Every structure is written in structure tokens, then in C-alpha cells.
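# Observations on the three-dimensional arrangement
These are the residues of each chain, in order.
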Amino acid sequence: MINITIDGRPLRVDPGSTILDAARAAGITIPTLCHLPQHAPTSCLVCVVRVNNSPRLVPSCATKVTDGMSIESDSPDVHLARRTALELLLSDHAGDCLAPCQLVCPAHMHIDRMLHLIATENFAEAIAVVKQHIPLPAVLGRICPDLCEKNCRRSHHGGAVSICRLKRFVADHDLASPSPYQPAKAPATGKRIAIIGAGPAGLSAAYYLLIAGHDVTIFDQHDQPGGALRYAIDADHLPRAVLDQEISQITKLGLHFVGNARLGDSLSITKLHQDFDATILALGPVDPAFAQSLGLALAHKGLKINPATGETSAPRVFATGAAVTPYRLAVRAVADGHTLAQQVHAFLTHTAAADKRAGRFSVRLNVLDPQEMAAVLALASDAPRSQPATSFTRDEAVAEAQRCVSCGCASANDCDLRRYAATYHADPHHFRGQRRQLAPAAHAGNVIFEPGKCIACGRCVALTANHGPAQTYLHRGFDMRIAPTFDATFADAVATRAAEVVAACPTAAIRWS
Ligand code: SF4
Ligand code: SF4
Ligand code: SF4
Ligand code: FES
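Every value quoted in this text rests on a predicted model; they were computed, and no experiment measured them. (Residues numbered from 1 in each chain as written. Chains lettered and ligands numbered in written order. Predicted model: local features only at pLDDT ≥ 70, side-chain atom pairs only at ≥ 80, totals over all residues. Heavy atoms only, no water.)

### Quick word on unusual backbone geometry
- Positioned with a positive phi, Gln-38 is a non-glycine residue whose angle comes to about 65 degrees.
- Relative to the helices and strands, Gln-38 resides in the loop between helix 1 (19–25) and strand 3 (48–51).
- For Gln-38, a relative accessible area of 80% corresponds to the exposed category.
- The phi dihedral of His-350 is positive, around 55 degrees, even though this residue is not glycine.
- Mapped onto the elements of the fold, His-350 is located in the loop between helix 14 (330–349) and helix 15 (356–359). (Helix = DSSP H or I, 4+ residues; strand = E, 2+ residues; numbered from the N terminus. Buried < 20%, exposed > 50% of the residue type's maximum accessible area, 1.4 Å probe, protein only.)

As C-alpha cells, then:
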């Protein structure tokens, strides 16, 4: 055994091991994209580290340890080098992690997933997907300004997909069913939360906190919940029966509602502090004098909060929605309520809140050239946009959803390239140049190969070598591509090792269909 240090930690390691092996054995994480045990390394260079203060960084997967070696794996310059390596890989990569419509939806709904489920008549799963981000879809399906549709890739190809009406269809279909969708609830946490304000932000926060197992009471100055949805939007746009039905789905999760309760009158922050573990202010726009009377600090537009936690200047008092940032869109209030629910849950359970930025990281194809667009459109319905004045019928909804060309990446949550790019703050457009062309996908049974998403890591080449037809490197320099060997198809190349190749591919280039 020999002695080394990694990030100042003394370690005794096998002299034959690489720096990467030694780090992994010690539980130190170093990212890798091309390394495969028992195979020759290639050159993604995301695994670089600094050794003995040398000005040159080395790939940890290909560098053997030596006695007395001092290794830095987590310093700012190592991070910068990894970021550059990732940006170079992304500069020759064609894909959208997230669909253009999802990127502009304030609630960040998985629109392409919802549309695929409607297109395949799986309405029960479609409503579950919608409610992961929007607890009031029948309401928003009637009043949302369709921001997502303005960014739809089909906008100039028969018209944007009618996303908002389809969301409304799937929500109405669910509410009309004998047992509308109810999400599974986590076991009770024993934590009590007060929410002041039963408008869209407060109701949204309540929904996600109830699912997380908390006991939630919502107070409102009016005698019924709904806030601006009930008292500021006319009933022609938003029938009260729809609002009531959708709120009752939240109430069924165990929500307690207390009407005619106004902060400052019957309710005081001191009393709420005694009775609840956390208090959420979802009051709508706040008058500065009122905020000061409650002892809360103000920012220039609303209540001052710590953006990382949602907490106001008062401990255990949180704020969301128009109380923090005045705006008029209900979908933004719903999105903010959801974010705050995650932050309050993290606060009460002493866990880390989900990293919103990482979840929203996306490389983007932006504009497709005519040839690429024609290939994409060939996979979807060529019917023009249909937008009924009120509701879709079932058949109309299915037909309209089939117009979606499914822009997002099917493996966005299981892609090492995306995960590392988000972790190291890589800018996918840092190295601008001519983008790689979208090439048609190849299929081998239930395995798909999308060449545009391949970063030439070489893992599939190594795994299929010596097994007859194989994946190989074609061309040289900038034109180098991974493809099946001459005269073989992708199906031939991965025939005997499909599961291993899918598991090894660090992007969505080779994946299950
Ligand atoms: S392969 Fe990864 S990085 Fe590329 S589009 Fe898909 S999720 Fe994004
Ligand atoms: S085609 Fe589908 S996935 Fe693409 S932007 Fe439009 S709705 Fe979204
Ligand atoms: S297709 Fe092969 S070479 Fe390309 S990223 Fe996947 S495993 Fe690596
Ligand atoms: S060079 Fe080490 S993992 Fe790619």
C-alpha cells in the first residue's frame, strides 16, 4: 500500500490503482463520461484533477497513483476545467433536454409527457403528470394566457399545439370521472402549517405540503377559498362550479379551511407561532404599512424573503406569490406556491430543497433547418391546429395531442451529461459554431440510437468490440461520428449486448424506447 492525499485527506491505497479508483474507494465523487472499468480510456476529460500542484491537470481515470501524491479533486480551477470539457462536448450535441414549451411554462409542467399520454389515450396518467406541477389544471385551463404555446415548435407548421385546451380537457375528464385523481400522501410528519390566503399560491402550497404528509390549515379573509380566482375573475371565464370542484380535490387530502379570518384582526403572527411549526403568507399584494405593522421587512416590491428558503425576516414565517412579487398571472402564483412548499418541507424535515436550477437545465436545439423539421414532422400528425371555443371531445383531444412532435429528451432525468452540465454550471452555447445536424434515429428492437446526442465517449464501441458487427468511430477530426461498422445495422451492432450498452451510454443517445 502507498500513501496519498485527496483534497487533504490522507489515504492508503493499492499502488496499481488509478486516482479515480482511489477516490471512489474513499467515497470521493469524480465525474466520468467515457471511463469504463477494464477498457482503455478515451478523452472526455471531465474527470480531471490536479496532482502535486502541477500546472497541468490530468485525467484521473487514466493516471496511476504514486507514493506521496497530493491530489486536488474539488478546487475552483478543477471545476472550471470540467466545465470547459462539458461545454466542448455540448458544442457538438443536438438535442433539447426539455421541450421549448416546458421551458417557458411558469409552472414547468411536463407538457410533452402530458401530450404523449393524451395521444395514447392514457388520461389517468396524463392528469397525474399535470398535477405534479399544477394542482388547479381545470381552472388554469380556462384562464392561462398560453405562454407555452407561443414557444411551440409547431407554431409555424400548422399552428402551435393547443396545449392549454388539452390540459383543460384532461382535467375536466378527470373531474367528471367517478373517482377523480388523488395523489398518494407521504406518512404524517406531525408538523402543522398555517397558510394565510386561499388564493392560487396558497392553495398550491397547501396541495404539495399535504402530499408531503404535513397537517395544513388555510385561513382566508373571505368565507370561501379561491382568493382572486373567486373574487377577481368573472364567472363567465371561470365557472364557480369548476373552481369548487377543483378546490374540493385539495380539501379531500385533509386541508382545514378557516374563513373570515384576517391577519391583524383575529389572527396574529405570535399566536400562529405558538400553534404551528411554520406560517406561510400567501396574502396577495401587501401594503407596506401593513407589513411593517407585522414587523416584516420589505424589499422594493413586496415582502423581503431569503430566495433560497422563502423565509421572511421573521423566523418560521414564509411568504410566496404576489406578497413577494406583484404579478397578475395565476399560473405564476401556482408555481411560486409549489416552490415554497418544497422549501418549507425542506425546512421542517431538515433536508435539502430540490435544486430548481438543476431540474431546469436544458441544452437547446433552437431553430431546426427545413430538412430537420421535415424529418421531425414526419413522425407526427400533419393536421392543422384545432382549437375549439370551449372543450375538446375525446377524439378531438387525442387527434390534437398527436400533432406534438415530442421535443423533450426522453432520458432527461437519467443523463449524466445533463447532470454534470448542471452541476458545473456549463453554458451549452459557450462554444458557438455550426450545430451538429439532427440525424434520424436507428432502432434495434426496443433500443434507440439517436446520433445527435452521442458525445463519442466510446463506451458502446468498447462494449461491442470483438462481438462481430460493432459500434465504431467513423471519419476523423470534426466529422468523427459513432456508427455501426461498415455493412452492419445498429441492430446488428448491439444485438448481443443491448442492456449493457444502454446502461453504459452516459447520454440519451442509446436508450430504451
Ligand atoms: S442526451 Fe442528455 S444533454 Fe442531450 S438532450 Fe438528452 S438529456 Fe439533454
Ligand atoms: S411540439 Fe409538443 S413538445 Fe414541441 S414545443 Fe410544441 S407542444 Fe411542446
Ligand atoms: S452512443 Fe456510444 S459513444 Fe455515443 S454517447 Fe452513447 S455510449 Fe458513448
Ligand atoms: S477521460 Fe476520464 S472519464 Fe473521460
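After presenting the structure, the write-up continues.
### Regarding the packing of aromatic side chains
- A full pass over the atoms with the stated rule returns 5 aromatic pairs.
- Between the aromatic rings of Phe-123 and Phe-169, the centroid separation amounts to 5.4 Å while the plane-to-plane angle is 75 degrees, which identifies the pairing as edge-to-face. Taken together, the positions of Phe-123 in helix 5 (residues 123–131) and Phe-169 in helix 8 (residues 163–175) put the pair 46 residues apart, joining distant regions of the chain. Just as Phe-123 is buried, Phe-169 falls in that class too. (Phe/Tyr/Trp six-rings, centres within 6.5 Å; stacked < 30°, edge-to-face > 60°.)

### Brief notes about the domain arrangement of the chain
- Domains assigned within the chain are domain 1 (2–74), domain 2 (100–179 + 365–401), domain 3 (192–351) and domain 4 (435–512).
- Each of domain 3 and domain 4 has a C-alpha centre, and the two are 50 Å apart. (Domains from an automatic or database assignment.)

### A closer look at the site of ligand 2
- Around ligand 2, the structure places Ala-99, Cys-101, Asp-112, Leu-115, Cys-152, Arg-153, Ile-163, Cys-404, Val-405 and Cys-407.
- Classifying every residue of the shell around ligand 2 gives 8 nonpolar, no polar and 2 charged. (Near = heavy atom within 4 Å. Nonpolar A, V, L, I, M, F, W, Y, C, P; charged D, E, K, R; others polar.)

### Some remarks on the sheet that holds strand 5 (residues 70–72)
- The 5 strands are arranged 2-1-5-3-4 in an open sheet whose pairing can be described as mixed. The open sheet has two free edges, formed respectively by strand 2 (9–13) and strand 4 (57–59), since each of these has just one partner strand. Within this sheet the neighbouring strands show an average axis-to-axis angle of 40 degrees, counted without direction.
- Sheet topology note: the strand 1 (residues 2–6)/strand 2 ladder contains 5 bridges and is antiparallel. Within strand 2, the residue paired with Ile-4 across the bridge is Leu-11.
- The strands touched by helix 2 (residues 76–90) within the sheet are strand 3, strand 4 and strand 5, with strand 3 carrying the most contacts at an inclination of about 145 degrees. (Pairing = 2+ DSSP bridges. Axes fitted to C-alpha atoms, helices over the stretch in contact; angles between N-to-C directions. Contact = heavy atoms within 4.5 Å.)

### Some words on the layout of surface pockets
- There is about 970 Å³ of room inside the second largest pocket.
- Gly-227, Ala-228, Leu-283, Gly-284 and Pro-285 are, among the 41 residues lining the second largest pocket, the residues nearest its centre.
- Elements with a minimum of two residues in the lining of the second largest pocket: helix 6 (137–143), helix 9 (200–211), helix 10 (228–231) and helix 14.
- Per-class residue counts for the lining of the second largest pocket are 28 nonpolar, 9 polar and 4 charged.
- Here the lining of the second largest pocket spans two domains, and each of domain 2 (100–179 + 365–401) and domain 3 (192–351) adds at least three residues to it. (1 Å grid on protein atoms, 1.4 Å probe; cavity = no way out; pocket = protein on both sides within 12 Å on 5 of 7 lines; lining within 4 Å. Points joined across faces, edges and corners; volume = space filled by probe spheres on them.)

### Description of the packing of helix 9 against helix 14
- At their nearest, the axes of helix 9 and helix 14 sit 7 Å apart, and the two run at 40 degrees to each other. In terms of their interaxial angle, helix 9 and helix 14 are classed as oblique. Taken as a pair, helix 9 and helix 14 cross one another with a handedness that is right-handed. Between helix 9 and helix 14, the contacting residues are Pro-200, Ala-201, Ser-204, Ala-205, Tyr-208 and Leu-209 on the first element and Ala-330, Ala-333, Val-334, Gly-337, His-338, Ala-341, Val-344 and His-345 on the second.
- When its residues are assigned to classes, the contact of helix 9 with helix 14 shows 10 nonpolar, 4 polar and no charged. (Parallel < 35°, antiparallel > 145°, perpendicular 65-115°, else oblique. Left-handed = near helix turned anticlockwise from the far one by under 90°.)

### Description of the environment of Arg-165
- Checked against the element boundaries, Arg-165 lands in helix 8.
- Note on Arg-165: relative accessible area 18%, which makes it buried.
- In this structure Arg-165 touches Glu-149, Gln-387, Pro-388, Ala-389, Thr-390 and Phe-392, once residues within four positions along its chain are discounted.

### Things to note about the nonpolar core
- Membership of the largest hydrophobic core comes to 81 residues, with the highest contact counts inside it found for Met-114, Leu-115, Ile-118, Leu-166, Ile-195, Ile-280 and Val-344.
- Lining this core are residues from two domains, each supplying at least three of them: domain 2 (100–179 + 365–401) and domain 3 (192–351).
- Here Leu-115 is in contact with Val-161, Ile-163, Leu-166, Ala-401 and Cys-404, once residues within four sequence places are set aside.
- Residues Cys-44, Cys-97, Tyr-420 and Ala-426 belong to the second largest nonpolar core, which totals 21 residues. (Core = buried A, V, L, I, M, F, W, Y, C linked by side-chain atoms within 4.5 Å.)

### Looking at the sheet that holds strand 10 (residues 317–319)
- Reading across from one edge, 8-7-6-9-10 is the order of the 5 strands in this open sheet, with parallel pairing throughout. Two strands close off the open sheet at either side, each with one partner strand: strand 8 (256–258) and strand 10. This sheet shows a mean twist of 20 degrees between the axes of neighbouring strands, independent of strand direction.
- The sheet contact formed by strand 6 (residues 192–196) and strand 7 (residues 215–219) spans 5 bridges and is parallel. Counterpart to Ala-194 in the pairing with strand 7 is Thr-217.
- Each of strand 6, strand 7 and strand 9 (278–281) touches helix 9; the most contacted strand, strand 7, lies at about 165 degrees to it.

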